[in-house]
Amino acid sequence: MTNGEVALLGIRHHGPGSARAVAAALAQWRPDAVLIEGPAEADAVVHLAAEKDLVPPVALLAHAVDDPAKAAFWPYAEFSPEWVAIRHAVDHDLPVRFIDLPAGYGFAPFTEADADDDDHAADGAGPDELPADPLALLAEAAGHDDPERWWEDVVEHRAPGADALAPFAAVAEAMGALRAEGLGESRRDQLREAHMRQQIRAARRAGHRRIAVVCGAFHVPALETMPTVAHDRALLAGLPKKVRVDITWIPWTHRRLSQATGYGAGVQSPGWYHHLFTAVGDPVPRWLTRAAELLRAEDHPVSSAHVIEAVRLAETLAVLRGRPLAGLTETLDAVRAVLCEGSDVALELVRERLVVGDALGEVPDAAPAVPLQRDLARLQRSLRLKPAAAPRDLDLDLRKDTDAARSRLLHRLRLLGVEWGVPARSSVNSTGTFRESWRLCWQPEFAVRIAEAAQWGTTVEEAAVNKAVGTARSAVELAELTGLVETCLLAGLSGALPAVMRVLADCAALDTDVAHLAGALPALVRALRYGDVRGTEHGALAGAATGLAERVCVGLPPACVGLDAESAAAMRARIDEVHGAIALLDPAASGTGTGTDTDTDTDTGTDTGGLADRWAAALRSLARREPTAGPATGAPGLLRGRAVRLLLDDGRLDSEEAGRRLRLVLSVANAPADAAGWVEGFLTGGGALLLHDPRLLALLDEWLGGVSGEVFTDVLPLLRRTFAGLEAGVRTTIGGRVAAGPLGVAPAVPEAVGELDPDRADAAVPVLAVLLGLGPKIPRQRAGRNT
């Protein structure tokens, strides 16, 4: 409404109807100054709205200079009334000012814990609970249970009238009735509104005669009254000391607008609102046409006839429900019934892509930014990695310079807390260390994390190096340090490795917990694998990994004694990880055993051979640590069985010896629960050996048949878990053999059909030798002959 020289335009934040009404009111009122609800510091960057490269959705980001984690956002979409007002001002060369309390007060503690009613600005560390929505209260008073639908009917679907200011007068009257009842007003609101009134007075003193004020409708009644200057000064005297802040523009997304907490604004359908604001003519047919195009692109059979029928259905539903026009509810009902043929899965695709959307704004280079942000922008351009709100997969070949640089950038950003890229399963069928796969998705809050990381340096590499060194010095767990070493190698941070390795060496020397050592080893060994393809120097790393492995070999058997079920399960996972790590660290760890149980060293695992032999000795020692006077006197059956299986798989124990050990474990002298744990450890990783060696299956079947009913009930959960982990085909075949019985006899081999062709058999021998690791690589032409 107007008050002399001031037009108060009360709006709903991010409402396309409000945005159109503001545009019409400004065109009719023709103000000489525009005042907008928003942080006062934004006056310094509002001129950038005239830049063609500032493309909404965007947001004002304000953060405390001394503590960037204290940040707040004021997002704007193309359909935001404030953005419309900003564009009107810059297009007509009018002064535009932000009149809300400076953001620096928002980061300072208030004496009263008052919630902010404004869903337009969201503090990054603010509460998740939002205050009551005044529009919801109005909708309830009007007899509507859905405030979104009520707002669409009374505002969004309202045809423009001759008086563009009339709708704002009606909204102001309704808000005045709410404020008269004392609903929603807080101490924080009173301070903000006092500051707004002071800014209106300042605009008058500056000589402006037609002032347009665009603010949340809830504040209009407080700005109409205009109490004395002394009254407002007394209120503002209670403000805390203002914190120094920096402010800039950052890209925003429609998806963030749809989130009601954290950094969002609570707009449930930003993609739909954008369409309502930008579509020319009737928006429903055009939107349904876009939905049909989307569904056809995803191989859904949608024709033009479907679109016509969907439009008719949406309009009919609007009439039946007494609505002036078809809204989002009617349109989605028509999409589900006609275009999606009742499928909620297809409808969810429409919701994600069109109702919400993945639009990402753009910000000009002239926008203020910390040096770290500018370096990141430079790297993104040079590496052709443009941020996008929609998730996308990226496959990298580290043998290529550009891909290797992309990998280093993504790993460095992850170290800095910017999870732009997350490692993903490769879509390319390759197991080489030269290939990486990522899932990229840019989030607006990364701007805050970059501002936080700026304390570590002015470039991405410098910040990552300093962050790595700082993290190493504050680390308390050995596994954290080895993981940090791996990250440094992946990120190409050679400047950080010496300092991190010194801390790692000191920590490893003092740590005597075998579980900690075992948990730290795999990351070091993985880092050694990456070293070759990335061209990094890792001599010190190899020495540290070998030292850790030797200490694990020495300490593993006694560390496994007396563990409870939970600790045993955790240790089994550690043993598997260490086994794989030693296989990479020492190629002799697998496939080179003699097939005999030599027992050269009973307890210490200090064979005179290599690391692989010492690890095998440790496993043999663990396998023999049976409880003699209760569970606390030996290693759990789960770990002993696992040790036997690993020795068997590596060829350091033959199947006859494994069968003997299984027979001893399953004897009546052993506790059934311990025996069931042994079987679980033995079969973990694959049960095909029960099919290849019928004697093992027969022993297991005989033991199960002899377990008493009461004991069987106790061991059943262990057995079910064991066999549930086997391959489906293995379970089916085992069940068939048990049903066919008797066990212990090898299945009959089907009689060969036809005569053996020696030439074709000879051609296959080199290939089998390579697969089994028994021979050199075969020539390419020989491998393909006679196949």
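As a starting point, this report considers the structure included with it.

What counts and how
Residues numbered from 1 in each chain as written. Predicted model: local features only at pLDDT ≥ 70, side-chain atom pairs only at ≥ 80, totals over all residues. Heavy atoms only, no water. Helix = DSSP H or I, 4+ residues; strand = E, 2+ residues; numbered from the N terminus. Buried < 20%, exposed > 50% of the residue type's maximum accessible area, 1.4 Å probe, protein only. Contact = heavy atoms within 4.5 Å. Areas by Shrake-Rupley, 256 points an atom, 1.4 Å probe, with all protein chains shown as cover. Pairing = 2+ DSSP bridges. Axes fitted to C-alpha atoms, helices over the stretch in contact; angles between N-to-C directions. Parallel < 35°, antiparallel > 145°, perpendicular 65-115°, else oblique. Left-handed = near helix turned anticlockwise from the far one by under 90°. Nonpolar A, V, L, I, M, F, W, Y, C, P; charged D, E, K, R; others polar. 1 Å grid on protein atoms, 1.4 Å probe; cavity = no way out; pocket = protein on both sides within 12 Å on 5 of 7 lines; lining within 4 Å. Points joined across faces, edges and corners; volume = space filled by probe spheres on them. Core = buried A, V, L, I, M, F, W, Y, C linked by side-chain atoms within 4.5 Å. Salt bridge = Lys/Arg side-chain N within 4 Å of Asp/Glu carboxyl O.

**Thoughts on the overall build of the protein**
Working step 1: Each helix and strand in the protein was counted, giving 34 helices and 12 strands.
Working step 2: Across the 787 residues that make up the protein, the buried fraction comes to 47%.
Working step 3: Taking all contacts inside the protein whose residues are at least 6 apart in sequence as the whole, residues at least 24 apart take part in 74%.
Working step 4: For the protein, the accessible area works out to roughly 36,800 Å², and carbon and sulfur atoms hold 53% of it.

**Side note on the pairing of strand β4 (residues 58-64)**
Working step 1: Of all seven residues in β4, seven are buried; the element is thus mostly enclosed.
Working step 2: Burial along β4 is two-sided: the face carrying V58, L60, A62 and A64 and the face carrying A59, L61 and H63 are both buried.
Working step 3: Relative to strand β5 (residues 71-76), β4 runs antiparallel, the two sharing six bridges. Paired with L60 across the bridge in β5 is W74.
Working step 4: Hairpin connection from β4 to β5: six residues lie between these consecutive antiparallel strands.
Working step 5: Sheet topology note: the β4/strand β9 (residues 245-251) ladder contains seven bridges and is antiparallel.

**Observations regarding the packing of helix α14 (residues 328-339) against helix α15 (residues 344-356)**
Working step 1: The interhelical angle for the contact between α14 and α15, taken along N-to-C directions, is 140°, at an axis separation of 9 Å. Taken together, the axes of α14 and α15 are oblique relative to one another. The way α14 lies across α15 gives a crossing that is right-handed. Together, L328, L332, V335 and R336 of α14 and D344, L347, V350, R351 and V355 of α15 make up the contact between the two elements.
Working step 2: Classifying every residue of the contact of α14 with α15 by side-chain character gives six nonpolar, no polar and three charged.

**What about the pairing of strand β12 (residues 435-440)?**
Working step 1: Sheet topology places strand β10 (residues 392-397) next to β12; six bridges connect them, and they run antiparallel. Within the sheet, the bridge partner assigned to D395 lies in β12 and is S437.
Working step 2: Pairing analysis gives three bridges linking strand β11 (residues 421-423) to β12, with the strands arranged antiparallel. In the sheet register, P423 faces β12, and the bridge partner there is W438.

**Observations regarding the sheet that holds β12**
Working step 1: Here three strands make up an open sheet; going across it, the order is β10-β12-β11 and the pairing antiparallel. The open sheet is flanked by β10 and β11, the only strands paired with a single partner. Across the sheet, the axes of successive neighbouring strands diverge by a mean angle of 35°, strand direction being ignored.
Working step 2: Of the strands in this sheet, β10, β11 and β12 are in contact with helix α17 (residues 401-415), which crosses β10 at around 125°.

**What about the layout of surface pockets?**
Working step 1: A volume near 960 Å³ is recorded for the second largest pocket.
Working step 2: Lining the second largest pocket are 32 residues, and of these P251, V363, Q373, A377 and Q380 lie nearest its centre.
Working step 3: Sorting the residues of the lining of the second largest pocket by element identifies β4, β9, α16 (371-382) and α18 (446-453) as the ones contributing at least two each.
Working step 4: Sort the elements by how many residues they give to the lining of the second largest pocket and β9 lands first, with six residues.
Working step 5: Each residue belonging to the lining of the second largest pocket can be placed in one class, and the counts come to 20 nonpolar, five polar and seven charged.

**Side note on the nonpolar core**
Working step 1: Of all hydrophobic cores here, the largest spans 86 residues; its most connected members are L521, I575, W615 and F682.
Working step 2: Ranked by residues supplied to this core, first place goes to helix α22 (residues 514-534) with nine residues.
Working step 3: If near-sequence neighbours (up to four positions away) are discounted, I575 is found in contact with L556, C560, W615, L619, L622, L639 and L646.
Working step 4: Judged by nonpolar contacts, the second largest core, of 43 residues, contains I36, W74, V96 and F168.

**A short note on the pattern of salt bridges**
Any two side chains of opposite charge can pair if their charged atoms end up close together.
Working step 1: Here the structure, examined in full by the defined rule, presents 34 salt bridges.
Working step 2: The shortest N-O distance in the salt bridge between R87 and D91 comes to 2.9 Å. Here D91 and R87 lie together in helix α2 (residues 81-91), a separation of four residues that amounts to about one turn.
Working step 3: We note a salt bridge from R321 to D333, for which the minimum N-O separation is 2.9 Å. Note that R321 is positioned in the loop between α13 (304-320) and α14 and D333 in helix α14, a separation of 12 residues in sequence.
Working step 4: By relative accessible area, R321 is classed as partly exposed at 36%.
Working step 5: What makes D333 partly exposed here is its relative accessible area of 21%.

As far as function goes, none of this settles anything; it's purely spatial.
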